[in-house]
Amino acid sequence: VVAPTALMLLFRRKYPRWWFDWNREFSRFGARVGAYALLLRDEYPSTDEEQAVHLAIDEPDATQLNRWLPLVKWLLAIPHYLVLIVLGLSVVVTTFVAWLAILVTGRYPRGLFDYAVGVERWCYRVGGYAFMLVTDRYPPFSLK
């Protein structure tokens, strides 16, 4: 879905609404599945309802986006990928620790919960920049 979007922005300076809607809903479903996999939510992820996981992505104005930047955004995001690989591996470990804590205490430790949510948010900011191509603003290196 990245290449057609990049080509559309490059040659036509358009981001069709239906294409954006499909990308946004696909990302929202991914967020629900990720929250379920990281034990952040108990209900099974729905394919069509928003449920309790909210992912807000504003529709871009294609005329305001740099038409050449989609060709290199994936390259500019490499530092984020490297950091997110390390954070992703640590989220797997902390999710296992949280699973043990849930078994013993019945509660997800708040610090581990906030950490997992922060990493997920960071992933979606980078995804919006490098793959969905909805912004030219470089994402911050932050869990907030």
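The rules behind each value
Here the residue index of a chain counts from 1 through its sequence in written order. The model is predicted, so local features are restricted to residues of pLDDT at least 70 and side-chain atom pairs to those at 80 or more, both for listing and for counting; the totals for chains, interfaces and linings are taken over all residues. For the side-chain quantities, the full set of heavy atoms in the structure was used; hydrogens and water were omitted. Secondary structure elements follow DSSP: runs of H or I no shorter than four residues count as helices, runs of E no shorter than two count as strands, and numbering proceeds from the N terminus. For a helix, the expected span equals 1.5 Å multiplied by the residue count minus one. Remark: exposure states derive from per-residue accessible area (1.4 Å probe, protein chains only) relative to the maximum for the residue type, with buried under 20%, exposed over 50%, and partly exposed in between. Any two residues whose heavy atoms approach within 4.5 Å at even a single point are treated as in contact. The salt bridge definition used is simple: a Lys or Arg side-chain nitrogen within 4 Å of an Asp or Glu carboxyl oxygen.

**Student:** I tried to follow helix H5 (residues 110–130) on my own but got confused; where do I start?
**Tutor:** The periodicity of an α-helix, 3.6 residues per turn, causes residues three or four positions apart to be oriented the same way. Between its first and last C-alpha, H5 extends 30 Å over 21 residues, near the 30 Å set by a 1.5 Å rise per residue. Among all positions of H5, only Ala116, Gly118, Val119, Trp122, Val126, Gly127, Gly128, Tyr129 and Ala130 are buried. Those residues of H5 that are buried are in contact with helix H1 (2–11), helix H3 (73–76) and helix H4 (78–105).

**Student:** Hey, could you run me through the pattern of salt bridges in this one?
**Tutor:** If the charged atoms of two oppositely charged side chains come close together, the side chains can form a pair. A complete count under the given rule lists 8 salt bridges for this structure. Where arginine 17 meets aspartate 21, a salt bridge forms, and the shortest distance between an N and an O atom there is 3.3 Å. One end of the pair is arginine 17 and the other is aspartate 21, both in helix H2 (residues 17–37) and 4 residues apart, which spans about a single turn. According to the relative accessible area criterion, aspartate 21 is partly exposed, its value standing at 22%. The shortest N-O distance in the salt bridge between arginine 28 and glutamate 25 comes to 3.0 Å. With arginine 28 and glutamate 25 both in helix H2, this residue pair falls 3 residues apart, about one helical turn. Overall, the relative accessible area of 17% leaves arginine 28 in the buried class. Judged by relative accessible area, glutamate 25 falls into the partly exposed class, the value being 35%. Residues joined by salt bridges that share partners form a network here, namely Arg17, Asp21, Arg24, Glu25, Arg28 and Glu59.

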